[in-house]
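What follows is the residue order along each chain.
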Amino acid sequence: MKRWEKGISILITIAITVLFVSAAGFFALHYNDWFVEEEMSSGSAVAFSDTVGSKVVLHMDQSGVGEGISDEALEEMNIYGFPVGESPYFIYVEKGAHTLSVFEKDGYGLYTKRIYTWITATGKTNLLTPVGIFEVGSKEEWHLWPAKTLSPYATKYYESDNHYGGLYIHGPIYRNQNFTSLISNSARHIGTNCSSGCLRTETEAAYFIYEMCPEGTMIKIVEGSPLGFSPDRLVYVYNQSITPSLDRFLNPSVELDEIGFSEEKHVMYLGEQYTPEIRTTPEDAGYFDYNWTTNNPAIIKISGGSIWAVGTGYAIVTASTKDNRLSTSILINVVVHSVDTSAAPPDVGGRMEEDNSNITDDYKPISEGLLYLKINGEKFGINQSVRPLLANLGPKYYQKQPAQSCAYDGLDRFFSYSYKNNGYCAISTVPMLADGGDAICEIEFRNYTTAELESSKGIRLGDSFDDVIKAYGNFYTQVIVDDEKHPENSFVRVTYWAGKANDPGVPSLYFTLDPGTKTVKGMGIYSSKNMG
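Every residue gets a number counted from 1 within its own chain, in the order that chain's sequence is written. The predicted origin of the model limits local features to residues at a pLDDT of at least 70 and limits the giving and counting of side-chain atom pairs to 80 or more, whereas totals for whole chains, interfaces and linings rest on all residues. Excluded from the side-chain calculations are hydrogens and water; all other atoms, namely the structure's heavy atoms, are used.

We now examine helix H7 (residues 465–472). Here the term buried applies to any residue with accessible area under 20% of the maximum for its type, exposed to any over 50%, and partly exposed to those in between, with areas from a 1.4 Å probe on protein chains only. Secondary structure follows DSSP: runs of H or I at least 4 residues long count as helices, runs of E at least 2 residues long count as strands, and numbering of each begins at the N terminus. If you check which residues of H7 are buried, you get Phe465, Val468, Ala471 and Tyr472. Down the axis of H7, the buried side of the element spans an arc of 125°, and every buried residue falls inside it. Exposed and oriented more than 90 degrees from the buried face of H7 are Asp466 and Lys470. For this analysis, residues touch if any pair of their heavy atoms sits within 4.5 Å. Summarising the contacts, the buried residues of H7 are in contact with strand E30 (453–455), strand E31 (477–481), strand E32 (491–497), strand E33 (508–513) and strand E34 (520–526). Directions drawn from the helix axis to the C-beta atoms are what define this arc.

Right, here's the structure in full:
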């Protein structure tokens, strides 16, 4: 090659090198601008991706991500438009859909990763549950309501002088600090407008917020359902009667080799609920979510791993890993459970059992005019002032517990009279009277012999269950409670409703019966205006 040709070749090589280096630098300089629509980043490796509409959101490791991205680009990537805070989680409530969703941060620090959606109750009227952006505040493992009932994992989100000191996200309502004492109607009404403003949700949801969402976690409550999130499972009473767990939200540490149901077949009664156990290999694999299917949805309904028998016959239920690599099946046979109605009340072994069979299509509620008790010759009913009643019973003998009202401006109060040999009397009030006074929302007597007591139709302590039916009729609900450790606390409660049976907003008259003799050992009237 001639010398001048060699020189030209060297110059061309240098020019190409300079051009390549310049192009690479220009590409690196404008990388984020060019690829912002794909929401890519020069940070660490991609963990996983979600598709949201026509957008692909790449979730990255936090380290080194987000540097050099413009505010405009970040705003575009915030697909839900949620404000960004310090908490790892964000809570979003759609009042129209009665749903509560929890989001965690993606690799950009934006709340775009929806973890789970639960059903929640909201206020009886639209204004009781306010809309806007709020923050998680103080927390209580068990929150005591004025009606002597409790809700687990209560997280305050709104300060208010006339809502029991504030509004809460909380679990259903229980009789005591035990998950087997659930007041089942409080769970059944989750997903409706039934609270005094609180977000009453299922126990697992309340527990997640209580445990995982620190103070300052933001909560956005909106009207309607603009994002249209549906719950990951329905609310079942059974799921509220067990201690909640966060296992479903923990990432498993090892890969599964095998899965299998603990039994090959199972017999269920119509209307029964059953959660089959899945065994894994290795045994310490941790918690896994599964896809659930059935070959006969007319017999079996499935939600969140719980099976409900809705028809009689055979059905196969299959659980598969999310990648469909492993699966297992169980044969379910649903039969009708025959009941001997002439038999004595069943032994429920320390549990509560409800019987609503008397509520038929021709059900007739009792008149609100019958919701009173006669005490020492005087009539006392719900929503009346408590002062004359205290004077009748002897005010110097009672104990009083005040608490900020959940629904009214002032204090709810609980008055109790208790004598070792003369029984028990309890009175709950709410501050709803025009003059600021306390109105009766419950009066309960049990084995109380200090006062002369009779119901609105003359039923007295010691009368029979037949006497009650003759006076008030056959349309009642029945709850049987058997306390094995303390048999003296066992009872049968028969309730007559002045409206729709089992509705928590409907006042009622009830009789407490001895489970053995079926004689009246107590009675009461109740209106649940102050329930959360």
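Take the nonpolar core next. Counting 38 residues, the largest nonpolar core has Leu373, Ile375, Leu393, Ile427, Phe445, Tyr472 and Phe511 as its most contacted members. With 4 residues, H7 is the single largest residue contributor to this core. Nonpolar cores were defined as sets of buried Ala, Val, Leu, Ile, Met, Phe, Trp, Tyr and Cys residues, with membership established by side-chain atoms within 4.5 Å.

Further remarks concern unusual backbone geometry. Note that the residue after Thr281, namely Pro282, is joined by a cis bond; omega there is 0°. Looking at the element boundaries, Pro282 is found in the loop between strand E17 (278–281) and strand E18 (290–294). The phi torsion at Tyr153 lies on the positive side, around 55°, for a residue other than glycine. Counting through the fold element by element, Tyr153 comes out in strand E9 (residues 150–159). With phi around 70°, Asn383 is a residue other than glycine that occupies positive phi space.

With respect to the secondary-structure elements, Lys500 resides in the loop between E32 and E33. Residue Lys500 is classed as exposed on the basis of its relative accessible area of 61%. Each residue touching Lys500, except ones within four places of it in the same chain, is listed here: Tyr363 and Val506.

Another point: the pairing of E33. For E33, the tally of buried residues reaches 6 of 6 residues, placing the bulk of the element in the interior. The alternating pattern of E33 places Ser508, Tyr510 and Thr512 on one face and Leu509, Phe511 and Leu513 on the opposite face, and all of these are buried. Note on pairing: DSSP must find at least two bridges between two strands before they are called paired. Where E32 and E33 come together, 6 bridges link them in antiparallel fashion. Bridged to Tyr496 within E33 is Leu509. Relative to E34, E33 runs antiparallel, the two sharing 6 bridges. Paired with Ser508 across the strands is Tyr526, a residue of E34. Hairpin connection of E33 to E34: 6 residues between the antiparallel strands, including Lys518 at a positive phi of 60°.

Taken together, 4 strands build an open sheet; the order of strands is E15-E22-E21-E18 and the sheet is mixed. Every interior strand has two partners, whereas the edge strands, strand E15 (265–269) and E18, have only one. Taken pair by pair, the neighbouring strands of this sheet meet at an average axis angle of 25°, ignoring direction. Sheet analysis places strand E21 (residues 313–321) next to strand E22 (residues 327–335), joined by 8 bridges and oriented antiparallel. Among the inter-strand pairings, Ser320 is bridged to a residue of E22, identified as Ser327. For helices, the axis comes from a line fit to the C-alpha atoms of the stretch in contact; other axes are also lines fit to C-alpha atoms, and the angle between any two N-to-C directions lies between 0 and 180 degrees.

What follows covers the sheet that holds strand E12 (residues 199–200). Here 4 strands make up an open sheet; going across it, the order is E8-E9-E10-E12 and the pairing mixed. The open sheet has two free edges, formed respectively by strand E8 (139–144) and E12, since each of these has just one partner strand. The pairing of strand E10 (residues 166–170) with E12 spans 2 bridges and is classified as parallel. Residue His170 lies in a different strand from E12, and its bridge partner there is Arg200. In this fold helix H5 (residues 203–212) packs onto E8, E9 and E10, with an angle of close to 55° to the strand it touches most, E9.

Every second residue of E15 is oriented toward a common face, the buried set being His266 and Met268 and the non-buried set Lys265, Val267 and Tyr269. Summarising the sheet, E15 and E22 pair through 5 bridges and their orientation is parallel. Bridging across to E22, Val267 finds its partner in Asn333.

The next subject is a nonpolar patch on the surface. Patches here are clusters of residues that have more than 30% relative accessible area and form no salt bridge, with a 9 Å joining cutoff for like charges and a 5 Å cutoff for nonpolar side chains (Val, Leu, Ile, Met, Phe, Trp, Tyr). Areas reported as accessible are Shrake-Rupley estimates using a 1.4 Å probe. Residue values count occlusion only from the protein chains shown. A pair is scored as a salt bridge if a Lys or Arg side-chain nitrogen falls within 4 Å of a carboxyl oxygen belonging to Asp or Glu. Together, Tyr314, Ile316 and Leu331 line one region of the surface with nonpolar side chains, adding up to about 280 Å² of accessible area. Following the sequence through the fold, Tyr314 ends up in strand E21.

This next bit is on the pattern of salt bridges. Tallied over the full model, the rule gives 8 salt bridges. Glu223 is paired through a salt bridge with Lys95; the nearest N and O atoms lie 3.5 Å apart. With Glu223 in the loop between strand E13 (218–222) and strand E14 (258–261) and Lys95 in the loop between strand E3 (89–94) and strand E4 (99–105), the pair connects residues that are 128 residues apart, well separated along the chain. With a relative accessible area of 7%, Lys95 lands in the buried category. Where Arg493 meets Glu444, a salt bridge forms, and the shortest distance between an N and an O atom there is 3.1 Å. With Arg493 in strand E32 and Glu444 in strand E29 (residues 439–446), this residue pair connects regions lying 49 residues apart in the sequence. For the residue pair Arg493 and Glu444, the accessibility class agrees, reading buried in each case. When salt bridges that share partners are traced, they join Glu444, Arg446 and Arg493 into one network.

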